[in-house]
Amino acid sequence: MEEDKVNNPESKTNDSASDEKSHVDAASKFIQETSLEKMHEIAEAARLKKLMEPPKWVYPSE
């Protein structure tokens, strides 16, 4: 497992903690300012986009 992918609060630096806080602040602002209907529209658009993508083939590594 890559070191930067570890989900361990003790291994995080202060920079990543402040980055996480900024993401939480941005998400909170989005939730406060966006109506539930608009969120449903965004989710539906993402779902339809995902359905229109061609299938992705995953080949096992040998």
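These figures come from a predicted structure and were not determined experimentally.

Draft legend 1. Structural detail: the overall build of the protein. Helix and strand counts for the protein come out as two helices and zero strands. A total of 62 residues make up the protein; the buried ones form 2% of that total. Of the roughly 6500 Å² that the protein leaves accessible, carbon and sulfur atoms contribute 57%.

Draft legend 2. Local environment of the pattern of salt bridges. This structure, assessed with the given rule, holds four salt bridges. When the shortest N-O distance is used, the salt bridge between D25 and K21 registers 3.5 Å. Taken together, the positions of D25 and K21, both in helix α1 (residues 14–33) and four residues apart, correspond to about one turn of that helix. Assessed through its relative accessible area of 41%, D25 is described here as partly exposed. On the basis of relative accessibility, which here comes to 52%, the residue K21 falls in the exposed class. The shortest N-O distance in the salt bridge between K38 and E41 comes to 3.9 Å. Taken together, the residues K38 and E41, both in helix α2 (residues 36–52) and three residues apart, mark about one turn of the helix.

Draft legend 3. Geometry of a nonpolar patch on the surface. On the surface, F30, I31 and I42 cluster together into a nonpolar patch covering about 280 Å² of accessible area. Of note, F30 is situated in helix α1. By relative accessible area, F30 is classed as partly exposed at 39%.

Draft legend 4. View of the side chain of T34. Note on placement: T34 falls in the loop between α1 and α2. Residue T34 is classed as buried on the basis of its relative accessible area of 17%. A polar contact is formed between the side chain of T34 and the backbone oxygen of F30, at a distance of 2.8 Å.

What counts and what doesn't
Residues numbered from 1 in each chain as written. Predicted model: local features only at pLDDT ≥ 70, side-chain atom pairs only at ≥ 80, totals over all residues. Heavy atoms only, no water. Helix = DSSP H or I, 4+ residues; strand = E, 2+ residues; numbered from the N terminus. Buried < 20%, exposed > 50% of the residue type's maximum accessible area, 1.4 Å probe, protein only. Areas by Shrake-Rupley, 256 points an atom, 1.4 Å probe, with all protein chains shown as cover. Salt bridge = Lys/Arg side-chain N within 4 Å of Asp/Glu carboxyl O. Patch = residues over 30% accessible without salt bridge, like charges linked within 9 Å, V, L, I, M, F, W, Y side chains within 5 Å. Polar contact = N/O pair within 3.5 Å; in protein donor to acceptor, adjacent residues only side chain to side chain.

All we've got here are geometric facts, nothing functional implied.
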